[in-house]
Amino acid sequence: MIKLVKVCKSFNGQKVLDNLDLEIEAQKITVIIGQSGGGKSVLLKHIIGLIKPDSGQIFVDGTDIVKLNDRMLNEVRKKFSMLFQDAALFDSMTVGENVAFPLKEHTRLSKKEIEEIVEAKLLQVGLTNVTHKMPSELSGGMRKRVGLARAIVLNPQIILFDEPTTGLDPLMSDAIDQLILKTQYDTRSTCVIISHDIASAFKIAHNIAMLYHGKIIQSGTPAELRSSNISIIKKFIEGTSA
Amino acid sequence: MAKLSVEAKVGFFVIIGIIILSYMSMKLGKLSFKRDSGYILKVFFDSASGLAEDVPVEIAGVEVGRVQTISLMNGKALVILKINSDTKISKNVKAIIRTKGILGDKYIELVQGTEQAPFMKPGDQILNASPATDIDTLMKVLEEVAININKLTGSFANVMGGEEGEASLRTIFENVKEMVETLNLTVQKNNTNVTQIISNLSDFSKKLKNISDTHSDDIRSIITNIHGASEEIEQLISGINKITTKLNQGKGSLGKLINEEETVNNLNDMLADLKNITEKINSGKGTIGKLIKEDETADRINTTLSGINDYIRKQETFRTYLNYRGEYLFNSGDVKSYLSLRIQPKEDKYYLFNVVDDPRGKDSITDITRTINDSTTTERIVETERDGLKFSAQIAKRYYDIGFRGGLFESTGGIGIDYYFFDDHLMLSMEAFDFDPDRNFHLKFKADYTPFNYIYITSGLDDFISDEGNESFFIGAGINFSDEDIKTILSNIPLPTN
Amino acid sequence: MIRFFEFTGKKFISIVEEFGKVMLLFLSAFLWMFRKPFRFRVIIKQMEFVGADSVSVILITGAFTGMVLALQTYYGFRMFGGESLVGATVTLSMTREIGPVFTALMVTGRAGSAMAAEIGTMRVTEQIDALYTMSVSPIQYLIMPRILAAALMLPILTIISDFIGIVGGYLVGVEFMKINSGIFMSKIIEFVDLADIFNGLIKSACFGLILSLIGCYKGFYTKGGAAGVGKATTQSVVYSSITILISDYFLTAAMF
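Each chain has its residues counted from 1, running along the sequence as written. Here the convention is simple: chains get letters from A, ligands get numbers from 1, in the order in which they are written. Owing to the predicted nature of the model, reporting of local features is limited to residues with pLDDT of at least 70; listing and counting of side-chain atom pairs is limited to 80 or more, with chain, interface and lining totals taken over all residues. Side-chain metrics in this entry use all non-hydrogen atoms of the structure; hydrogen atoms and water are not considered.

A. Quick look at the overall build of chain B. In this description a helix means any DSSP run of H or I spanning at least four residues, a strand means any run of E spanning at least two, and both kinds are numbered starting from the N terminus. Secondary structure summary: chain B contains seven helices and 20 strands in total. Summary of the burial criterion: residues with accessible area below 20% of their type's maximum are buried, those above 50% are exposed, and those between are partly exposed, where the area comes from a 1.4 Å probe applied to protein chains only. Counting every position in chain B, which comprises 498 residues, the buried fraction comes to 27%. Contacts: residue pairs with any heavy atoms within 4.5 Å of one another. Put simply, 49% of the contacts in chain B that link residues at least 6 apart link residues at least 24 apart. Entry remark: accessible area of chain B is about 33500 Å², with carbon and sulfur atoms responsible for 60%. For every accessible area listed, the method is Shrake-Rupley and the probe measures 1.4 Å; residues are considered covered only by the protein chains on display.

Set out below in structure tokens:
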């Protein structure tokens with residue numbers, strides 16, 4: 001479904017992605033783990049076309065999105081949605097308006113229909129009575145939930161998660177993990193999660209890929225990674241510094 | 001107080017801006033509609049230096065019009081004045097270029113003649129025009145005077161300086177000298193006679209004294225004395241006679257000059273010339289009289305013509321315009337076309353009829369209310385007829401730079417407002433129509449720019465508060481012909497000749 | 001020495017590059033204006049922010065500049081008995097220069113900086129990326145409405161500023177300095193052309209374009225978190241003000 005072939009990207013002469021190859025299975029949860037600042041976010045932004053690679057190809061449903069112009073890219077992006085690290089809610093809008101935004105942009109639904117969908121989606125992520133609040137009035141976990149609600153409101157085929165549990169307390173992390181699992185189960189969507197939270201990764205992933213020095217050094221099921229004999233993966237899983 | 005909606009706030013703000021702008025533009029009044037009404041007068045100046053278009057024309061310090069154009073014709077400055085229609089100007093008016101204020105702005109002052117004269121008609125020429133009397137022209141006049149004086153002294157010098165002149169001068173002096181000499185001679189020659197007269201007179205007075213002394217003497221002796229006296233008077237008279245004859249002889253030498261044949265001939269010539277002149281004047285008077293008579297005739301013809309003109313002009317203000325405009329809608333990528341007929345009976349009023357081909361088609365809406373099992377459902381059927389034409393019929397009225405329209409807009413009721421800028425080259429309009437309670441009404445904003453006759457370009461926003469996603473930016477162009485244009489075009493098309 | 005040339009050369013190229021980026025941003029904002037959807041509501045919102053909400057500031061600055069102008073020109077003209085020209089002078093300076101320039105500078109401080117800060121914050125908190133992922137062009141959604149709103153609203157703010165400035169001048173000239181009101185007004189009508197006002201308004205539309213474009217540009221290319229936003233905001237105000245004053249000269253030279 002999503003396939004990256006020999007993707008290279010460097011910033012100011014520093015190679016962040018180095019001939020990276022990765023295949024992401026459709027309708028599965030794939031977690032990409034790696035060190036902080038190791039280019040995980042950059043990888044994710046490549047998949048949705050926010051960053052163009054220096055070389056290489058990125059296929060989404062067989063289309064190489066690297067070659068597309070802005071307008072065609074916009075069409076492809078309609079399959080996607082993305083939950084950002086800090087939720088990236090529009091702080092000039094209320095929570096309700098934030099969630100309704102994709103609907104207003106891409107559907108011709110009436111005001112009332114939109115309101116109904118927004119309420120339903122907020123309920124789905126476990127939020128009530130927040131529609132008229134501003135994002136700044138919410139806690140980090142709640143913001144993430146709103147972000148998730150906004151990400152799933154158009155029922156996208158592919159959802160990208162940028163460090164969904166970072167900066168949350170363990171309870172909230174767990175709640176978000178459960179939410180991702182439930183959402184994926186309900187919508188049968190393809191989920192790509194980048195994380196350095198090994199515990200949560202093993203909890204929710206169908207597949208795990210390890211990014212190290214700009215390359216995917218191993219990808220497979222959680223069980224396969226657990227039994228990996230690559231020392232860096234071992235250390236990463238065990239949580240000891242190299 | 002309820003909080004204003006964003007739209008209301010912005011709308012309010014924009015309206016205030018437009019009101020201030022309109023107020024200021026009317027106050028400054030240089031672009032107002034007024035200036036179209038008025039009539040034209042022509043005037044020729046030797047120099048229109050410093051004069052500019054649109055400077056005021058004043059009578060007694062009151063502005064009555066403006067300068068429309070300044071051009072050169074036959075080496076003179078032809079200035080066309082546009083005078084307010086309510087100002088009558090008599091025929092003996094004088095146009096003067098004057099300077100105003102410390103900045104030295106030029107303007108034209110019209111000075112009405114004192115006599116009651118007929119009024120000027122549109123297109124007439126002001127005959128009495130004097131250009132600016134500034135330092136420059138003053139200097140020019142002085143220069144001319146100096147040149148004339150120079151010429152005069154030059155001819156004087158010619159008269160005096162040449163040999164001929166010297167000769168004639170010499171003869172003049174000689175003549176004068178001769179005259180004085182003869183006068184002298186006359187007096188000297190008569191000297192003895194004069195003494196005699198005086199002694200006689202003294203004798204006479206002595207004898208008179210004797211008479212008075214000898215009071216008692218005989219009357220006879222008086223008579224004899226008188227006799228003697230009369231004799232002596234006779235002698236005196238003959239003496240005087242002698243003087244006059246001598247003087248006559250002297251006069252003769254002066255008279256010689258006059259009596260010479262040449263002089264007489266000259267005199268004759270002169271008289272003949274004088275006669276000629278008078279004759280010419282006489283016959284000239286005749287032609288002038290004739291001219292005056294003809295002028296009256298021309299006047300009469302003029303009045304008749306202007307009467308006819310007035311009538312025709314009234315008919316001419318009735319104008320018809322044929323107009324096509326196409327608007328490219330960015331939203332749908334289609335072209336919306338308008339074919340319109342504008343009938344304009346007056347300058348500030350017109351009727352507009354439009355046929356509109358809207359690519360979005362024409363919606364016909366039917367609400368069907370059904371009652372099934374006690375529950376009422378209302379179904380709305382919107383049929384869009386793609387080929388459907390829409391019609392507009394509007395009446396428009398204009399006040400200064402603002403026009404209002406009302407009537408049928410694209411087959412629905414509506415209103416519109418137009419604002420004209422830059423001599424009507426730019427028109428901003430806002431139209432509101434299709435007031436359906438279930439959706440936002442149709443608002444259209446457009447700006448038409450007419451760079452020159454016939455063709456204009458347009459741009460704006462169509463249906464921009466649409467809640468059905470019909471809002472669109474558009475650009476387009478149009479052509480506009482008046483009946484006059486069509487007439488000219490038709491008459492210029494070469495016809496096939498058999 | 002070589003280092004000096006290297007430094008100036010680099011600086012020059014970076015300035016040209018930045019100018020090119022601003023122009024490209026403007027071009028794409030302009031092109032996005034013609035693509036659907038037409039964001040009427042967003043534009044209206046920006047019009048409110050740039051235009052309607054700036055009125056109070058404009059009223060105060062406009063009125064006081066008009067009053068101060070009247071006061072200063074009164075003392076100047078009194079020296080040679082030209083008090084009657086105070087009204088015309090105030091009106092000409094307001095409509096031609098002070099109205100457009102002061103309004104643009106005030107709006108730069110109020111709205112231009114806010115644009116840089118708002119868009120900059122959106123950039124560093126990934127809200128702009130979020131717009132991209134939702135297939136919404138941030139140039140169309142954020143930048144085009146701001147530029148359009150500023151270019152449309154500045155002339156209206158300017159005409160309000162002009163008017164209130166003249167009213168302020170009238171107040172000082174006629175009420176305090178006892179210039180005859182009829183002469184005050186007639187001199188204005190005599191010396192001020194409608195073209196003076198319209199040229200001022202055209203200038204102000206250009207200024208609106210400049211201040212919004214620079215504000216948006218600085219915000220859109222913000223880097224480095226909260227500090228970066230602060231820097232972008234300050235730079236946008238400084239660059240906008242400088243550009244407005246420089247372009248004012250050229251616009252004036254071209255128009256009057």
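B. Quick look at the side chain of arginine 150 of chain A. The topology assignment puts arginine 150 of chain A in helix H5 (residues 140-152). Positive charges come from Lys and Arg, negative ones from Asp and Glu, while His and the chain ends are left out of the count. Each salt bridge in this description consists of a side-chain nitrogen of Lys or Arg and a carboxyl oxygen of Asp or Glu lying within 4 Å of one another. Here arginine 150 of chain A sits buried without a salt bridge, and the closest side chain of opposite charge, glutamate 126 of chain C, lies 9.0 Å off (N-O distance). There is a polar contact of 2.9 Å between the side chain of arginine 150 of chain A and the backbone oxygen of alanine 88 of chain A. Sequence-distant contacts of arginine 150 of chain A, that is, excluding residues within four places in its chain, are made with Ala87, Ala88, Leu89, Phe90, Asn98, Val99 and Pro102 of chain A together with Ala130 and Met134 of chain C. Here a polar contact means two N or O atoms within 3.5 Å. Within protein one must be a hydrogen donor candidate and the other an acceptor candidate, and residues neighboring in sequence count only if both atoms are side-chain atoms.

C. Summary view of the interface of chain C and chain B. Taken together, the contact pairs 35 residues of chain C with 31 residues of chain B. A quick way to say it: buried area is the sum, across both parts, of accessible area lost when two parts are put together, with a 1.4 Å probe. A buried area of about 3100 Å², summed over both sides, lies between chain C and chain B, and 80% of it is on carbon and sulfur atoms. Residue aspartate 53 of chain C is joined to lysine 9 of chain B by a salt bridge in which the shortest nitrogen-to-oxygen separation is 3.0 Å. The tally of links from chain C across to chain B stands at three residue pairs in polar contact (both at pLDDT 80 or more). The set of elements that each furnish at least two residues to the side of chain C that touches chain B consists of helix H2 (40-50), helix H6 (138-176), helix H7 (181-191) and helix H8 (194-220) of chain C.

D. Molecular detail of a nonpolar patch on the surface. Residues and elements named next belong to chain B. On the surface, Tyr324, Tyr328, Val335, Leu339, Val355, Leu389, Phe391, Phe452, Tyr454, Ile455, Ile475 and Ile479 cluster together to form a nonpolar patch covering roughly 1000 Å² of accessible area. Taken together, the elements giving at least two residues each to the nonpolar patch come down to strand E9 (319-329), strand E10 (334-346), strand E14 (389-399) and strand E20 (472-482). On the basis of relative accessible area, isoleucine 479 is assigned to the partly exposed category, the value being 36%. Any residue with relative accessible area above 30% and no salt bridge may belong to a patch, with like charges joined within 9 Å and the nonpolar Val, Leu, Ile, Met, Phe, Trp and Tyr side chains within 5 Å.

E. The pattern of salt bridges, seen in detail. In this structure the tally under the stated criterion is 38 salt bridges over all chains. Between aspartate 448 of chain B and arginine 325 of chain B there is a salt bridge, with the nearest N and O atoms lying 2.9 Å from each other. One end of the pair, aspartate 448 of chain B, is in strand E18 (residues 442-449); the other, arginine 325 of chain B, is in strand E9, with 123 residues separating them in the sequence. For arginine 325 of chain B, a relative accessible area of 6% gives the class buried. A salt bridge links lysine 203 of chain C to glutamate 97 of chain C; its shortest N-O distance comes to 2.6 Å. One end of the pair, lysine 203 of chain C, is in helix H8; the other, glutamate 97 of chain C, is in helix H4 (residues 86-124), with 106 residues separating them in the sequence. A relative accessible area of 25% means that glutamate 97 of chain C is categorised as partly exposed. Ionic contacts of the salt-bridge type, sharing partners, join the residues Lys336, Asp358, Lys390, Glu410 and Asp462 of chain B into one network.

F. Quick look at the packing of H4 of chain C against H8 of chain C. Residues and elements named next belong to chain C. Packing of H4 against H8 leaves a shortest axis separation of 8 Å and a crossing angle of 20 degrees. By the criterion of interaxial angle, the relationship of H4 to H8 is roughly parallel. Note on packing geometry: the crossing formed by H4 with H8 is right-handed. Class assignment for the residues of the contact of H4 with H8 results in 13 nonpolar, nine polar and six charged. Here an axis means a line fitted to C-alpha atoms, over the contact stretch when the element is a helix, while the angle between two N-to-C directions is reported on a 0 to 180 degree scale. By definition in this entry, angles of less than 35 degrees are roughly parallel, angles greater than 145 are roughly antiparallel, angles of 65 to 115 are roughly perpendicular, and the rest are oblique. Rotating anticlockwise by less than a right angle from the far helix to the near helix defines a left-handed crossing, while the corresponding clockwise rotation defines a right-handed one. Put simply, Ala, Val, Leu, Ile, Met, Phe, Trp, Tyr, Cys and Pro go in the nonpolar bin, Asp, Glu, Lys and Arg in the charged bin, and everything else, Gly too, in the polar bin.

G. Here's a closer look at the environment of lysine 203 of chain C. Residue and element names in this part refer to chain C. Residue class for lysine 203 comes out buried when judged on its relative accessible area of 0%. The spatial distance from the C-alpha of lysine 203 to the C-alpha of glutamate 97 is 9.0 Å, given a sequence separation of 106 residues. Within the structure, the side chain of lysine 203 is placed 3.0 Å from the side chain of aspartate 248, a separation counted as a polar contact.

H. A look at the sheet that holds E20 of chain B. All names here are of chain B. In this scheme, strands are said to pair when DSSP sees at least two bridges between them. Spatial strand order, E9-E10-E11-E14-E15-E16-E17-E18-E19-E20: ten strands in a closed barrel with antiparallel pairing. Taken pair by pair, the neighbouring strands of this sheet meet at an average axis angle of 20 degrees, ignoring direction. By the bridge criterion, eleven bridges tie E9 to E10 in an arrangement that is antiparallel. From the neighbouring strand, tyrosine 321 faces E10, where its bridge partner is arginine 342.

I. Main features of empty space enclosed by the protein. Every definition here rests on a 1 Å grid over the protein atoms only: cavities are sets of points where a 1.4 Å probe fits but cannot get out, pockets are open sets enclosed by protein on both sides within 12 Å along at least five of seven lines, and lining residues have some atom within 4 Å of a point. Grid points are joined across faces, edges and corners, and a volume is the space filled by probe spheres set on the points. Applying the stated criterion across every chain, the model contains four cavities of 30 Å³ or more. Along the wall of the largest cavity there are 17 residues; nearest its centre are Phe80, Ser81, Pro102 and Leu154 of chain A together with Met134 of chain C. Listed by contribution, the elements that provide at least two residues to the lining of the largest cavity are strand E6 (80-83), helix H3 (95-106) and H5 of chain A together with helix H5 (127-133) of chain C. Split into classes, the residues belonging to the lining of the largest cavity amount to nine nonpolar, five polar and three charged. Within this model, the second largest cavity holds a volume of roughly 50 Å³. Forming the walls of the second largest cavity are Phe330, Asn331, Glu471, Ser472 and Phe473 of chain B together with Met33, Phe34, Arg35, Lys36, Pro37 and Phe38 of chain C. A per-class count over the lining of the second largest cavity returns six nonpolar, two polar and three charged.

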